[in-house]
Amino acid sequence: MTPTLLFQFIGTLAILVVLVLAWTAVRSWLRGRRPVQAPAPALVRVRRVVDEATDIKSFELVSADGSALPAWSAGAHIDVRIDDKTVRQYSLCGAPGTRDAYLIAVKNAPDSRGGSRTMHQSVSVGDTLVISGPRNHFALVDGARHYLLIAGGIGITPLLAMARELQTRGASYELHYFVRSSAATAFRELLSSEPYAGKVTFHHTGADRSREQLRPLLGKCPQGHHLYMCGPRGFTDLIGELTAGIWPPEAIHVEYFSADSAALAAPGQAFEVKLQRSGRTIPVPAGSSIVDTLCAHGIDVATSCREGVCGTCLTGVIAGTPDHRDAFLSAKERTAGDKIMICVSRAKSEQLVLDL
Ligand code: FES
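Since this is a predicted model, take the numbers as computed values, not measurements. (Residues numbered from 1 in each chain as written. Predicted model: local features only at pLDDT ≥ 70, side-chain atom pairs only at ≥ 80, totals over all residues. Heavy atoms only, no water.)

**Examining unusual backbone geometry**
Outside of glycine, negative phi angles account for most residues, and trans bonds account for most peptide bonds.
Part 1 of the reasoning: The amide bond that connects Glu194 to the next residue, Pro195, takes the cis arrangement and shows omega of 10°.
Part 2 of the reasoning: Tracing the sequence through the fold places Pro195 in the loop between helix H4 (188-192) and strand E9 (200-204).
Part 3 of the reasoning: The backbone phi angle of Asp55 is positive, close to 65°, even though this residue is not glycine.
Part 4 of the reasoning: Mapped onto the fold, Asp55 is located in the loop between strand E1 (41-53) and strand E2 (56-63).
Part 5 of the reasoning: On the basis of relative accessible area, Asp55 is assigned to the partly exposed category, the value being 38%. (Helix = DSSP H or I, 4+ residues; strand = E, 2+ residues; numbered from the N terminus. Buried < 20%, exposed > 50% of the residue type's maximum accessible area, 1.4 Å probe, protein only.)

**Looking at the sheet that holds strand E6 (residues 128-135)**
What holds strands together in a sheet is hydrogen bonding between their backbones, with the strands either parallel or antiparallel.
Part 1 of the reasoning: Ordered in space as E4-E3-E6-E1-E2-E5, the 6 strands form an open sheet in which the pairing is antiparallel. Taken across any chain shown, the strands that pair with only one partner, and hence form the sheet edges, are strand E4 (86-91) and strand E5 (102-107). With strand direction ignored, the average angle separating the axes of adjacent strands in the sheet is 40°.
Part 2 of the reasoning: Direction of pairing for E2 relative to E5: antiparallel, over a ladder of 6 bridges. Of the residues in E5, the one forming a bridge with Leu61 is Tyr102. (Pairing = 2+ DSSP bridges. Axes fitted to C-alpha atoms, helices over the stretch in contact; angles between N-to-C directions.)

**Here we look at the packing of aromatic side chains**
Each aromatic ring pair is described using two quantities: the centre-to-centre distance and the angle formed by the ring planes.
Part 1 of the reasoning: Per the stated rule, a full pass over the model turns up 4 aromatic pairs.
Part 2 of the reasoning: Pairing Phe138 with Tyr228 gives two aromatic rings, centres 5.7 Å apart and planes at 65°, and the pair type is edge-to-face. Placement of the pair is Phe138 in the loop between E6 and strand E7 (146-152) and Tyr228 in strand E10 (residues 225-231), with a sequence separation of 90 residues.
Part 3 of the reasoning: For Tyr228, a relative accessible area of 0% corresponds to the buried category.
Part 4 of the reasoning: Ring geometry for Tyr177 against Phe202: centres 6.0 Å apart, planes inclined by 45°, an arrangement best described as tilted. Taken together, the residues Tyr177 in strand E8 (residues 173-179) and Phe202 in strand E9 connect sequence positions 25 residues apart.
Part 5 of the reasoning: Counting every residue linked through ring pairs, the aromatic cluster contains Phe138, Tyr147 and Tyr228.
Part 6 of the reasoning: Above the plane of the ring of Tyr256 lies Arg233, whose end atom (NZ or CZ) is 3.9 Å from the centre. (Phe/Tyr/Trp six-rings, centres within 6.5 Å; stacked < 30°, edge-to-face > 60°. Lys NZ or Arg CZ within 6 Å of the ring centre and 35° of its normal.)

**Observations concerning the pairing of strand E18 (residues 351-354)**
Side-chain direction in a regular strand flips from residue to residue, so the side chains alternate between the two faces of the sheet.
Part 1 of the reasoning: Inspection of the sheet shows strand E12 (residues 271-275) paired to E18 by 4 bridges, in the parallel sense. The residue of E18 that forms the bridge with Leu275 is Leu354.
Part 2 of the reasoning: Where strand E14 (residues 314-319) meets E18, 2 bridges bridge the pair, whose relative direction is antiparallel. Pairing of Ala319 across the sheet is with Val353, part of E18.

**Some points on the nonpolar core**
Part 1 of the reasoning: Of all hydrophobic cores here, the largest spans 52 residues; its most connected members are Leu61, Ile104, Met119 and Leu149.
Part 2 of the reasoning: Top element by residues in this core is helix H3 (residues 156-169). It accounts for 7 residues.
Part 3 of the reasoning: Here Ile104 is in contact with Lys57, Ser58, Phe59, Leu61, Ile78, Val80, Tyr90, Ser91, Leu92, Cys93 and Met119, once residues within four sequence places are set aside.
Part 4 of the reasoning: Within the second largest apolar cluster, 23 residues are counted, among which are Val273, Leu294, Ile299 and Ile340. (Core = buried A, V, L, I, M, F, W, Y, C linked by side-chain atoms within 4.5 Å. Contact = heavy atoms within 4.5 Å.)

**Focus on helix H6 (residues 233-243)**
Part 1 of the reasoning: Along H6, the residues classified as buried are Arg233, Phe235, Thr236, Leu238, Ile239, Leu242 and Thr243.
Part 2 of the reasoning: Positive backbone phi, approximately 80°, marks Gly245, located one or two places after H6.

**Regarding the side chain of Glu60**
Part 1 of the reasoning: Mapped onto the fold, Glu60 is located in strand E2.
Part 2 of the reasoning: For Glu60, a relative accessible area of 18% translates into the label buried.

**Quick word on the pattern of salt bridges**
Part 1 of the reasoning: In the structure shown here, the tally under the stated rule is 13 salt bridges.
Part 2 of the reasoning: Among the ionic pairs, Arg211 bridges to Glu241, the shortest N-O distance being 2.8 Å. Placement of Arg211 in helix H5 (residues 207-218) and of Glu241 in helix H6 is noted, with a sequence separation of 30 residues between them.
Part 3 of the reasoning: The partly exposed category is assigned to Arg211, whose relative accessible area is 31%. (Salt bridge = Lys/Arg side-chain N within 4 Å of Asp/Glu carboxyl O.)

Interpretation note: all reported values are geometric properties and have no functional meaning in isolation.
Following this line, the structure appears as structure tokens:
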């Protein structure tokens, strides 16, 4: 090869290397800008509204175009867009696998942040709603010897779907429904009838008597039993206290429908996040969440509840120590430290490297 040809060959090779490196950098930057995939929205029509109990209504939703809705399993929830600024999560409580309609139940609580009140006062038969999901972070494990389901108040909704599913499977289960009165008991007629009658126990009791009624249920954890619970924060915290040291963490499954207000109110220091895919480093001020900070820098991340409850903003942690403030990750996941809910959680280390 002549010196001229050799120089031309080296020059071409150098240009190719530069182009490849440039494309890699651009692609990495683009990936860093790309919003996290959110579940596809769907338009549904309200087919039926039923007063299930004091302050509780159920809504039966069908696809607006008559098509089958996405498949789902017991424990799943959907997001319901209440208005431009409000999205709420509701557990599906119909028969799992049913795709012609979704059933949700909504409690109009006095401390509602507005979504439930709107559902009660402004949504009626024939209205259309935008939903997304279903997503399931509270699924039944397969093959347990026995399933112990404990609901507090409106926490009955995912557990009703589980009871339906376990009944269909022919699995061994029992459902304990703690609720303040008979009038406040949703789905009372269904749960009092066959095939549920022998499996469901109603505990019409105030918070002060819950402890004494829960204690005998939770005093031991026979081999192969799994506990599923859903209810107000104080109720699930009480069950956590009564099962501590008795039930192995992997046998306990909980779904919260409200954030841990104490964790959210805890002071937080400034830190920085490094986005692994783009290499960008962004300071997060003391008074701002990771999500809000990323948004202010033009980086879109899928969110829904923005309270650390729904799981939408789950993000991988590559380095650094998260300061978990959500009500979504399990104790085991928190200890592993490789995931974070970036709508509420922060960092204990000076920097967090995120899989974004
Ligand atoms: Fe719901 Fe973060 S947006 S957990």
